[in-house]
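# Inside the fold
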Amino acid sequence: MSAAEHVPRPDDLDGMKTALHQLANRIERHLNSNDESGSGAAVSSGNILSTLEMSDSHFHQYAIVREINHRLEESIGPLLDKKLSGLPEDGDGHNSLPKIIEELMQSEECRGTLAALKAELQVATAAVVEEIREDPVDAAMLSPGHSSKSSSKLAESSRFASSSSDGVLSLDSLLDDPMFDATPQRDLPQALRDLVRGSTWEERRAALDALLWFEPTQIFVHSAWSEVLPTLAKAMSSDDPEIQDGCLELLGNLFSSGTSSAMCMIYVALAGHIEASLQDLAPVRFKYFVKEIQLLSQFQHKICTCWIRSKRKEVMAVISSTVKLLGEMLQPPVSMTVLHLLALIDLEADWFRKWMHAHRSRTMLLKSFGASRMMVICVSMCGTWHNVFAVPNIDVGQMFQCSPAIKAVLQELRGYKPVHVQYACFVHCLHIMSHVLLYNEGRALFPVHFGGNDPAKGGASLPIEDWLTLLIHMMYAAPSAKILPDYASRIVDLIGGFLIKLGGEREGGRTLLCTPKVLAELITPVAEYTNRTESNECFDKALLYTADVLALLASRQTGRQVILRTMQPSFALKGIERSHSVAHLFATFASISLESYLKEGTGTVRQSRRKRIGRRTSKGDEKAMLRVPVEICGAFLFVCRQLYNTCNGLSMLEEFDLHLLVAEMYQQTRDAAGPKGIPLYKIIPPDGKDPDDDKRRPWAHVLLDNVLNFAGTPKGIKLLNETGIFDDCVAYMVERFRNKMQVSKCEKFGYGVMALQLAATAPGMIVLKNTGYIFHLVQDLWNVVCGGEDDLRLTMPYQDPLDPLDRSTHKVMSQLIAIVTSCPGLSQLLQPSGAQDIGTPGTSMSRKDIDRQEAEWGWQPYDFVPELEEHRDAAKTIEGLFRVVLAEKTSEPVTTVFNFDHMELCILRLISITVTCLDSLILLEQHFDLRRTLLRYQELQLLDDDRGFAVNMPAIGRNHLLVATASVGGPSERILPSREMEDWKIPLERKDDFLPAAYKWPLFCKDPMPEVYTPGAAAASVDDDTCEDLASLSKLITSAVAASGESSSVTYQPLRSAFVEVITRRKQTTRVVLAGFLLATKIIRQKSSNLPEGCTDTNLPDKPVSASWRASSKVGINFVIKYGAQLGLLTDESKCEKDLERLMAMCFSHLKELNGIHSRTSADNFHGFDWFVASVFLVFKGNAISSWSFLSSFAQSRTSELVWPQRILDRNPASFISPLFFTTGHCIEKIVQELFPLLCSAFQLSGCTPAQICQHWLRQCFWNYLDWPDIQLFICTCVVMGADYQTYFCMAIFKHLHDEVIAHSQRQSLLSWLYESFIEDFKFTPDVLVYMQRLEAKYRSDLPLRVEL
């Protein structure tokens, strides 16, 4: 049936009419939105219809679109499938497909389908139009007298929907589109000719209306498309405003509907026309010229969206035309460029930001930008405005010239003045440069040449450092300038924001702001601030921006090193001698700022500080100094904080006693607030009421925050402990931690690392416990395991609570592991609530006070776990948590808690990691009778009829814990079972057997443990009798001792050289040789100290010690004797046990005397076993007399204070921080940050610190981590070579473990792996000693370690 004979059925006609009504309503909404947006002339409904698929996300849901798609699929789809099925299998389908589509479009079937569909749509459209005309409301709106907006829109819609001689346009836009049947419009060339050659205004206007009538898609496919843009360019040069506006409207319509190539062509044409207009720009055309610039600005924001589909030459043409145009000057006497006018439209250069986003356009843009005059304009704008504020008596009117006619046009636009235009251009240029300087290609455009590229021929060259210096100087000069005072604050904000943007970018801050010249200009006002006699709010704002920039630089390693190492310029603060570096300047400025607020009579810290840093100021000078605002004081404290929260920075700023000054300032603020009300460290919620009307709380938080960040380093914790506000700082940290607040704007990590550093010390753990930090961690564990959401309750628990996939328990378990692995901290956690050591100030808390404090902390865990109400300690303390699985009797109420098996796994894993510290193992054995309790629980797993054990995950966990606590040893000296089953499936042939065959390690419930866990004889040490040249070695040591000299000139170098020779030249170093070196150090020490030979005892009396100390030491002595017997070093175990016990008591009494402790104090309680004494005892093969002879002499040396962990005792261990932590740990972190930055980042990401891990290793002399030969070599090396070799030895281990540490950090298992695993494959080889010697040559002079023997 032909198309003319095709008449739709009534049901088809109704469906088509409904679909067309829906489409018409959608077009009307688009017309309304376009008119309301005020984007220019109304877009025709035909144009909207042709671009509806791109602009409407619901296009394919319209009924008319679905119907047309369905018809085409029914008729053309089978034909296409038939064609495709006829293709050969090995043919090129991609090349054949266009040919098939062309044949299909020319086929009779396709033409007939399209004609029938067109006829059906014509009938439906005519019916819709007739209904609209018959409707009284619509007829009134379509009448000529109706002039409302809705009438005009509906009339335009009806014009495109009604029948005409050319057919229905809505149908043509769908079926007569050029994609189907392009019918050229014969009147387009004529309209183009009439537009430029018309003799009358009416003829040209009619031609323009005809052009606006065309659809953009019709113009693009017309053969006369190549003549459209040149014709419009000529027409825009007309003096008729209507013609000009119409041409701009047509360009806008074409640009918004064009392809990527067409958009580029239109943009280049407009830019070329604007550039040509500059040759003869009359004042009367200036207003229209601004409109052209405005249209170009709109094009700039949209054209970058099509660059990914554009050719390279098209993108390059757009960029080149833009850069060339914006650098063109307007005609004299106008001192403006096109860039000035563009800046009025796009002040912050948003177009440039979009163009710089993609790498493709950024590369071409920077290349063109650097070779254009636009670059010179952007750079010179800074110099122009610098002269405005820096040069006195400058004529601003002469600098910013403008003709009266253009002044009038600018005034008519928005009241602009020439100075406004110049300022807008400066802002625009500065934003452009801020994007340029973020990239290496942009920074490579400097130096900029003025007046020619050859400086020798009169051209000037401006390096990037000089340009940045001009900017910084202008920021500081603007507040004091008398010219344009209203612009001073804006200039400061603008340049300050620009510098912060540069400082926030890593590479930009390093290469631009960290140079000596720029840094010197940046810190100049800091050095001269106290010389000012009057305050200036705008200058103070500039100083705050400076502090923010410096803090950003100091927060990164590169900028921090520059600040710490750059020498301060020639200027100095008033009354203060020249500092050594820029960091000293900041610390001095911060300390002076704080001192100006401290009251008279509280200057003990200030007096000591004057004495230490050499300040010489009189009382009158202090009064003459300008008091620094607290905002600036806090800002520069924040800069110093970025320095002293690292080891290098703290070493440099320690002399300024900033921690004491800030603490004194906080105490003064706290005293002024009075004892009533909420404590100052509390965080007041935004909707809460702050009782401090004078805003003391924010200032107090600034002070607390800065003091708290001393806890970022081991030595900083010691300084924090000396401030007197330790409790308030930690309480403030816990408040922020509970509220999940960020540490600061520069720190990327939370408070986890800081809390870990605190937990490694006894005073830090006490405060964490008293502030509820531990309480909330235990609560969180019960919450995620037993009280989670309903959907989490039904999931199967993971085999390992530290599985990274089990995020619910992994995070809280990691936090708890970091807390309990330190013996000093654990000893405080195992004390009952409110109890303290003897000698610790304070009183015990009553049950009522404890209940009140728990209520203040919030949520009680037994509110959702009722079974815990009778076992409250299990829900709030570490000790109670351990008792869940270590109780003497089975606790029925706790075992009925939901998911108790998973909770038991978590606690067993926590205990397993805790006992990796041998001192913690002794504490748990003392408190819980650990081993006997585990054996009793394991006995409950026995099955009837001696069928073995019921194997489950808790039983496997207890088995691993029993083997780990049975003995000590290194990688080759003991065997640990797996804590996981390799296979959970039971073989079919054993399905009646309850025991799974997957777990191969035997379980046991009685001592001794099975022999499978005991290594063979290969782990035994080398027999001393096999050494063939003991005589020659003895002669070498004797000669070294003789060469040490007399007491007046004693030197240890010969002995050290002999030791290095023995280690590097011999494959094995036996115990006898090492013992000889230890005794040699004793002989040399006696020479240097003039000690008589008989100063050491030959017999070991039984010294009286406390019963608790003796009972705790008994556990460690049993480990040592068993280990020595396993190594073959001890033969008579009972005799060696008594000798070691007497040696331990003798050393403990001797150390108490050396530390001045003569009465019984809390130091008599157990605070750690002396593993160094035990190691020396084994080195001397159980000879207590030789061991005591060496130890009594070695205790006199300063090296022993670090190498011997128990050497330093304190009357009050609860407030004592070991030198091993704040000295050796501080040096370790300092070197790790420099040598292994990736390792340092891995530790920080894992919530751990190298100092705590090394303290864990060094406290027990690497027992359980290294084999005995390496342990004795380590001890002898530290004694002979110096205490700093502790640090170098740890560095050698970190170098060995570098890749594994990073890998485990990525797997989120670093903490558990470091604590539980041996240090595999690490041997004390000659290469290790050579590496440590290299570190000694590099770092010994910088490390604060006592290396004397």
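Just so it is clear, the model here is predicted, and its values are computed rather than measured. (Residues numbered from 1 in each chain as written. Predicted model: local features only at pLDDT ≥ 70, side-chain atom pairs only at ≥ 80, totals over all residues. Heavy atoms only, no water.)

### Some thoughts on the overall build of the protein
The helix and strand tally for the protein stands at 70 helices and two strands. Within the span of the protein, comprising 1349 residues, buried residues form 54% of the whole. Put simply, of all contacts in the protein between residues at least 6 apart along the chain, 75% involve residues at least 24 apart. Counting every atom, the protein has about 59,700 Å² of accessible surface; 53% of that belongs to carbon and sulfur. (Helix = DSSP H or I, 4+ residues; strand = E, 2+ residues; numbered from the N terminus. Buried < 20%, exposed > 50% of the residue type's maximum accessible area, 1.4 Å probe, protein only. Contact = heavy atoms within 4.5 Å. Areas by Shrake-Rupley, 256 points an atom, 1.4 Å probe, with all protein chains shown as cover.)

### Some thoughts on empty space enclosed by the protein
Going through the model one piece at a time under the given rule, you end up with eight cavities of 30 Å³ or more. One number sums up the size of the largest cavity: a volume of about 480 Å³. Taken together, 33 residues line the largest cavity, and the ones lying closest to its centre are His-1167, Gly-1168, Gln-1206, Ile-1208 and Leu-1209. Mapped onto the lining of the largest cavity, the elements with two or more residues apiece are helix 47 (823–829), helix 58 (1107–1127), helix 59 (1133–1154), helix 63 (1219–1235) and helix 65 (1250–1259). Ranked by residue count, the leading element in the lining of the largest cavity is helix 59, at four residues. When grouped by side-chain class, the residues that make up the lining of the largest cavity number 20 nonpolar, 10 polar and three charged. (1 Å grid on protein atoms, 1.4 Å probe; cavity = no way out; pocket = protein on both sides within 12 Å on 5 of 7 lines; lining within 4 Å. Points joined across faces, edges and corners; volume = space filled by probe spheres on them. Nonpolar A, V, L, I, M, F, W, Y, C, P; charged D, E, K, R; others polar.)

### Observations concerning the packing of aromatic side chains
Taken as a whole, this structure holds 44 aromatic pairs when the rule is applied. Aromatic side chains Tyr-1285 and Tyr-1288 sit 5.2 Å apart centroid to centroid with 75° between the ring planes, which places their arrangement in the edge-to-face category. Taken together, the positions of Tyr-1285 and Tyr-1288, both in helix 67 (residues 1285–1296) and three residues apart, correspond to about one turn of that helix. Here Tyr-1288 falls in the buried class, since its relative accessible area comes to 0%. Between the aromatic rings of Phe-1289 and Phe-1322, the centroid separation amounts to 5.6 Å while the plane-to-plane angle is 85°, which identifies the pairing as edge-to-face. Separated by 33 residues along the polypeptide, Phe-1289 in helix 67 and Phe-1322 in the loop between helix 69 (1310–1316) and helix 70 (1326–1339) bring together distant segments of the chain. Through a chain of ring-to-ring contacts, the aromatic side chains of Phe-1243, Trp-1257, Phe-1262, Tyr-1265, Phe-1274, Phe-1289, Phe-1294, Phe-1322 and Phe-1324 assemble into a single cluster. Across from the ring centre of Tyr-487, 5.2 Å away, lies the NZ or CZ of Arg-490, which sits over that ring. (Phe/Tyr/Trp six-rings, centres within 6.5 Å; stacked < 30°, edge-to-face > 60°. Lys NZ or Arg CZ within 6 Å of the ring centre and 35° of its normal.)

### Comments concerning unusual backbone geometry
Across the junction of Phe-446 and Pro-447, the peptide omega takes the value 0°, indicating a cis bond. Tracing the backbone through its elements, the reader meets Pro-447 in the loop between helix 26 (440–443) and strand 1 (448–450). For the bond from Asp-1007 to Pro-1008, the omega torsion is -5°, close enough to zero to count as cis. Despite not being glycine, Asp-929 has its phi angle at roughly 50°, a positive value. Even without being a glycine, Asn-1264 presents a positive backbone phi close to 75°. Among the structural elements, Asn-1264 can be located in the loop between helix 65 and helix 66 (1268–1281).

### Here we look at the state of the cysteines
Each disulfide is one covalent bond, formed between the sulfur atoms of two cysteines. Counted under the stated rule, the structure contains zero disulfides. With no disulfide of its own, Cys-917 lies 5.1 Å from the sulfur of Cys-823, the closest cysteine sulfur. (Disulfide = S-S within 2.5 Å.)

### Some thoughts on the environment of Glu-664
Relative to the helices and strands, Glu-664 is located in helix 38 (residues 658–673). Its relative accessible area of 10% is what places Glu-664 among the buried residues. In this structure the C-alpha to C-alpha distance between Glu-664 and Leu-594, which are 70 residues apart in sequence, comes to 9.3 Å.

### Examining the side chain of Ser-581
By the secondary structure assignment, Ser-581 is in the loop between helix 32 (557–565) and helix 33 (582–595). Within the structure, Ser-581 has its side chain in polar contact with the side chain of His-584 (distance 2.9 Å). (Polar contact = N/O pair within 3.5 Å; in protein donor to acceptor, adjacent residues only side chain to side chain.)

### Quick look at the packing of helix 56 (residues 1053–1065) against helix 66
In a pair of packed helices, the angle between the axes and the distance between the axes together describe the arrangement. With their axes 10 Å apart at the nearest point, helix 56 and helix 66 run at an angle of 155° to one another. Classed by the angle they form, the pair helix 56 and helix 66 counts as roughly antiparallel. Crossing of helix 56 against helix 66: the hand is left-handed. Taking contact as the criterion, the partners of Leu-1055, Arg-1056, Phe-1059, Val-1060 and Ile-1063 in helix 56 are, on helix 66, Leu-1273, Cys-1276, Thr-1277, Val-1280 and Met-1281. The class makeup of the residues in the contact of helix 56 with helix 66 is eight nonpolar, one polar and one charged. (Axes fitted to C-alpha atoms, helices over the stretch in contact; angles between N-to-C directions. Parallel < 35°, antiparallel > 145°, perpendicular 65-115°, else oblique. Left-handed = near helix turned anticlockwise from the far one by under 90°.)

### Concerning the environment of His-960
Among the structural elements, His-960 can be located in helix 54 (residues 953–964). With a relative accessible area of 9%, His-960 lands in the buried category. His-960 sits 41 residues away from Trp-1001 along the chain, and the two C-alpha atoms are 9.6 Å apart. In contact with His-960, other than residues within four places in its own chain, are Ser-912, Leu-976, Pro-977 and Arg-979.

### Notes on the confidence of the model for the protein
On average, residues of the protein carry a pLDDT of 78, and 75% of them reach 70 or more. No element of the protein has a lower mean pLDDT than helix 8 (residues 149–161), which averages 37, and none a higher one than helix 67, which averages 96. Contacts of residues 983–997 to residues separated by more than four positions or lying in other chains number 17 contacts, the stretch itself having pLDDT below 50. Note on residues 1091–1097: pLDDT is under 50 here. Beyond four places in sequence and across chains, it has 10 contacts. (pLDDT = per-residue confidence, 0-100.)

### Details of helix 39 (residues 696–708)
For helix 39, which comprises 13 residues, the first-to-last C-alpha distance of 18 Å matches the rise-based estimate of 18 Å (1.5 Å per residue) to within 8%. A large share of helix 39 lies buried, amounting to 10 of its 13 residues. Residues of helix 39 that are buried include every one of Arg-697, Trp-699, Ala-700, His-701, Leu-703, Leu-704, Asp-705, Asn-706, Val-707 and Leu-708, and no others. If you follow the buried residues of helix 39, they end up packed against helix 33, helix 36 (630–644), helix 38, helix 40 (714–721), helix 41 (726–738) and helix 42 (752–759). (Expected span 1.5 Å × (residues − 1).)

### Brief notes about the environment of Leu-1178
Within the secondary structure, Leu-1178 is located in helix 60 (residues 1171–1179). For Leu-1178, a relative accessible area of 0% puts it in the buried group. C-alpha separation for the pair Leu-1178 and Tyr-1123, spaced 55 residues apart in sequence, amounts to 9.3 Å.

### A word on the nonpolar core
Trp-467, Phe-1262 and Trp-1263 are the most contacted members of the largest nonpolar core, which totals 390 residues. Apart from residues lying up to four places away in sequence, Trp-467 is in contact with Val-379, Cys-382, Leu-430, Met-433, Leu-437, Phe-446, Leu-462 and Phe-498. Met-16, Leu-20, Leu-23 and Leu-117 belong to the second-largest nonpolar core, a separate cluster that totals 15 residues. (Core = buried A, V, L, I, M, F, W, Y, C linked by side-chain atoms within 4.5 Å.)

### With respect to a negative patch on the surface
On the surface, a cluster of negative charge is contributed by Asp-1299, Glu-1300, Glu-1320 and Asp-1321. If you trace the backbone, Glu-1300 turns up in helix 68 (residues 1298–1306). (Patch = residues over 30% accessible without salt bridge, like charges linked within 9 Å, V, L, I, M, F, W, Y side chains within 5 Å. Salt bridge = Lys/Arg side-chain N within 4 Å of Asp/Glu carboxyl O. Lys, Arg positive; Asp, Glu negative; His and termini not counted. Charge placed at Lys NZ, Arg CZ, Asp CG, Glu CD.)

### What about helix 21 (residues 359–370)?
Between its terminal C-alpha atoms helix 21 stretches 16 Å, which fits the 16 Å expected from 12 residues at 1.5 Å a residue. Taken together, the buried positions of helix 21 are occupied by Ser-361, Arg-362, Met-364, Leu-365, Leu-366, Ser-368 and Phe-369. Packing partners of the buried residues in helix 21 comprise helix 18 (312–326), helix 20 (350–355), helix 22 (373–390), helix 25 (418–436) and helix 26.

### A word on the pattern of salt bridges
Under the criterion given, the structure shown has 29 salt bridges. For Arg-510, the salt bridge is made with Glu-507, and the minimal N-O distance between the two is 2.2 Å. Here the residue Arg-510 and the residue Glu-507 both occupy positions in helix 29 (residues 506–513), the gap between them amounting to three residues, near one helical turn. On the basis of relative accessible area, Glu-507 is assigned to the partly exposed category, the value being 27%. Linking Glu-879 and Arg-883 is a salt bridge whose minimum nitrogen-to-oxygen distance equals 3.3 Å. Placement of the pair is Glu-879 and Arg-883 together in helix 49 (residues 878–886), with a separation of four residues, close to one helical turn. The class for Glu-879 is buried, based on a relative accessible area of 16%.

### Topic: the side chain of Glu-904
Inspection of the secondary structure puts Glu-904 in helix 51 (residues 900–914). The buried category is assigned to Glu-904, whose relative accessible area is 10%. Apart from residues lying up to four places away in sequence, Glu-904 is in contact with Val-885, Pro-954 and Arg-958.

### With respect to the packing of helix 14 (residues 225–235) against helix 15 (residues 241–257)
Look at helix 14 against helix 15: their axes get within 9 Å of each other, and the N-to-C directions meet at 145°. Classified by chirality, the crossing of helix 15 by helix 14 is left-handed. On the side of helix 14, the interface is formed by Trp-225, Val-228, Leu-229, Leu-232 and Ala-235, while helix 15 contributes Ile-243, Cys-247, Leu-250, Leu-251 and Leu-254.

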